[in-house]
Amino acid sequence: MSISTSQLQKLNTIAWELRIKSLEMIIKANSGHPGPSFSVAEIITSLYFHTLKVDPDSPKCPERDRFILSKGHACPILYATLARLGFFPEEWLWTLRRPGSKLQGHPDMKGLPGIDMTTGSLGNGLSAGVGMAFGGKYDKKNYDVFVVLGDGELQEGTNWEAMMSAAQYELDNLIAIVDSNKIQSGGPVKNIMNLEPLADKWDSFGWHVEVVDGHDIQVLVDSYEQAKRVQKKPSVIIANTTKGKGVSFMENQFLWHARVPTSEEAEQAFRELKKGVNNH
């Protein structure tokens, strides 16, 4: 589905603004995960501001699309997105990770409107997505289930059980998106537990596979539309991304998986992120 030049510019601008908002939240909380939040920005933006059928005025609508952020530690950018769409007041963003806040360090479906699945313990989101997709088929509901996973998270065995189940039950209403930034908390994914050849592995499990640029919103939108057209098998989009995208000293550095910048670092980070906004 082609996006007009003005729409594409707007979506790209939103992605960079969400990075800024996420960093503001993390600094305010003095805790959080900037690297994973930045790598997933275009994925979250293209889904929530273009593709997903969701309504902030009816967050539990039975016909809504379901979204699971399985890599729940990247929740700052999801929270910023939901606030921008009106699921809850923006003032809540400044309570991130505080005791009693609805915005905890990982998403909580019982505490926050717009969250379809509680995540945080990595490796469980895809299994939940399989259940939701199977339920949609069983109830004859017209919704799709989108699950965003980290690549390091795929080292958890539960994902591979879920992949087998999704193919077995021909869940063509299930779309997984791998935020493949190739860096996890302890270093490069390939050095900790190599996943390659990742696309071939998903394919061998009976999934439709696409490999795309995870920072190209037009390409992402096209891949979602392609996945929706696939019949009788689930789809996975392996989105190649950059950890810490947009801030030069954070990019591809595993130490920025969960580090809060100093005041000097924050000044440079905001300067670079604002340049990204202006360039789009």
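Look above for the structure.
Residues numbered from 1 in each chain as written. Predicted model: local features only at pLDDT ≥ 70, side-chain atom pairs only at ≥ 80, totals over all residues. Heavy atoms only, no water.

Peer 1: Please explain the overall build of the protein chain as it appears in this structure.
Peer 2: Per the secondary structure count, the protein chain includes 10 helices and 7 strands. Computed over its C-alpha atoms, the radius of gyration of the protein chain comes to 18 Å, within 12% of the 19 Å expected for a compact globule of 280 residues. Projected onto the principal axes, the alpha-carbon positions of the protein chain cover approximately 50 × 45 × 40 Å. Burial analysis of the protein chain (280 residues in total) assigns 54% to the buried set. Accessible area of the protein chain: about 12,000 Å², with a carbon and sulfur share of 49%. Here the protein chain contributes 30 positively and 33 negatively charged side chains, and the mean placements of these two sets differ by 3 Å. (Helix = DSSP H or I, 4+ residues; strand = E, 2+ residues; numbered from the N terminus. Rg over C-alpha atoms; globule rule 2.2 N^0.38 Å. Buried < 20%, exposed > 50% of the residue type's maximum accessible area, 1.4 Å probe, protein only. Areas by Shrake-Rupley, 256 points an atom, 1.4 Å probe, with all protein chains shown as cover. Lys, Arg positive; Asp, Glu negative; His and termini not counted. Charge placed at Lys NZ, Arg CZ, Asp CG, Glu CD.)

Peer 1: I would appreciate a short explanation of the nonpolar core in the present structure.
Peer 2: Burial of nonpolar side chains together is a common tendency in soluble globular proteins. In this structure, Ile43, Leu47, Phe67, Tyr79, Phe88 and Ile177 are the most contacted members of the largest nonpolar core, which totals 38 residues. Ranked by residues supplied to this core, first place goes to helix α4 (residues 75-85) with 7 residues. Residues within four places of Ile43 in sequence aside, it is in contact with Val148, Ile177, Asp179, Gly214, Leu220, Tyr224, Ala239 and Thr241. Leu126, Val130, Val145 and Leu171 belong to the second-largest nonpolar core, a separate cluster that totals 26 residues. (Core = buried A, V, L, I, M, F, W, Y, C linked by side-chain atoms within 4.5 Å. Contact = heavy atoms within 4.5 Å.)

Peer 1: Would you explain unusual backbone geometry in this entry?
Peer 2: What is expected of a backbone is that most residues other than glycine have negative phi and most peptide bonds are trans. With an omega dihedral of 0°, the bond running from Glu196 to Pro197 counts as a cis peptide bond. Of note, Pro197 is situated in the loop between α7 (189-193) and α8 (198-204). At Lys140, a residue that is not glycine, the phi angle is positive and equals roughly 55°. Relative to the elements of secondary structure, Lys140 occurs in the loop between α5 (125-138) and β2 (145-150). With phi around 60°, Asn252 is a residue other than glycine that occupies positive phi space. Along the chain, Asn252 falls in the loop between β7 (235-240) and α10 (263-278).

Peer 1: Would you mind going over the sheet that holds β2 with me for this structure?
Peer 2: By definition, the strands of a sheet pair up through backbone hydrogen bonds, in either a parallel or an antiparallel sense. The strand order across the open sheet formed by 5 strands is β1-β2-β3-β7-β6, and the pairing between neighbours is parallel. In this open sheet, the two edge strands, each paired with only one partner strand, are β1 (66-69) and β6 (208-213). Strand-to-strand twist across the sheet, computed as the mean angle between neighbouring axes with direction ignored, equals 20°. Where strand β3 (residues 174-180) meets β7, 6 bridges bridge the pair, whose relative direction is parallel. Looking at the pairing, Val178 lines up with Ile238 of β7. Where helix α9 (residues 217-229) meets the sheet, its contacts fall on β2, β3, β6 and β7, and the angle it forms with β6 comes to roughly 175°. (Pairing = 2+ DSSP bridges. Axes fitted to C-alpha atoms, helices over the stretch in contact; angles between N-to-C directions.)

Peer 1: I'm lost on the pairing of β7 in this one. Help?
Peer 2: Each regular strand shows side chains that alternate between the opposite faces of the sheet. With 5 of 6 residues buried, β7 lies mostly within the body of the structure. The handedness of the β6 to β7 crossover, carried by α9, is right-handed. (Right-handed = clockwise from strand over helix to strand, strands pointing away.)

Peer 1: Explain the pairing of β6 to me, please; I cannot follow it from the model alone.
Peer 2: Strand direction decides the pairing type here: β6 and β7, joined by 6 bridges, are parallel. Residue His208 lies in a different strand from β7, and its bridge partner there is Ser235.

Peer 1: I keep staring at the pattern of salt bridges and nothing clicks. Help me out?
Peer 2: Should the charged atoms of two oppositely charged side chains come close, the side chains can pair. This model, assessed by the stated rule, comprises 9 salt bridges. A salt bridge links Glu90 to Lys21; the nearest nitrogen and oxygen atoms lie 2.9 Å apart. With Glu90 in the loop between α4 and α5 and Lys21 in helix α1 (residues 5-29), this residue pair connects regions lying 69 residues apart in the sequence. Its salt-bridge partner being Lys141, residue Glu63 comes within 3.6 Å of it at the nearest N-O pair. Placement of the pair is Glu63 in the loop between α3 (41-51) and β1 and Lys141 in the loop between α5 and β2, with a sequence separation of 78 residues. One salt-bridge network, held together by shared partners, links Lys21, Glu24 and Glu90. (Salt bridge = Lys/Arg side-chain N within 4 Å of Asp/Glu carboxyl O.)

Peer 1: Is there a simple way to think about the packing of aromatic side chains in this case?
Peer 2: Two descriptors summarise a pair of aromatic rings, namely the distance from one centre to the other and the angle between the planes of the rings. Taken as a whole and assessed by the stated rule, the structure comprises 7 aromatic pairs. Taking 4.7 Å as the distance between ring centres and 75° as the angle between the ring planes, the aromatic pair formed by Trp202 and Trp207 counts as edge-to-face. For the pair Trp202 and Trp207, a shared accessibility class is recorded, and that class is buried. Taking NZ or CZ as reference, Arg66 lies 3.9 Å from the ring centre of Tyr143, over its face. (Phe/Tyr/Trp six-rings, centres within 6.5 Å; stacked < 30°, edge-to-face > 60°. Lys NZ or Arg CZ within 6 Å of the ring centre and 35° of its normal.)

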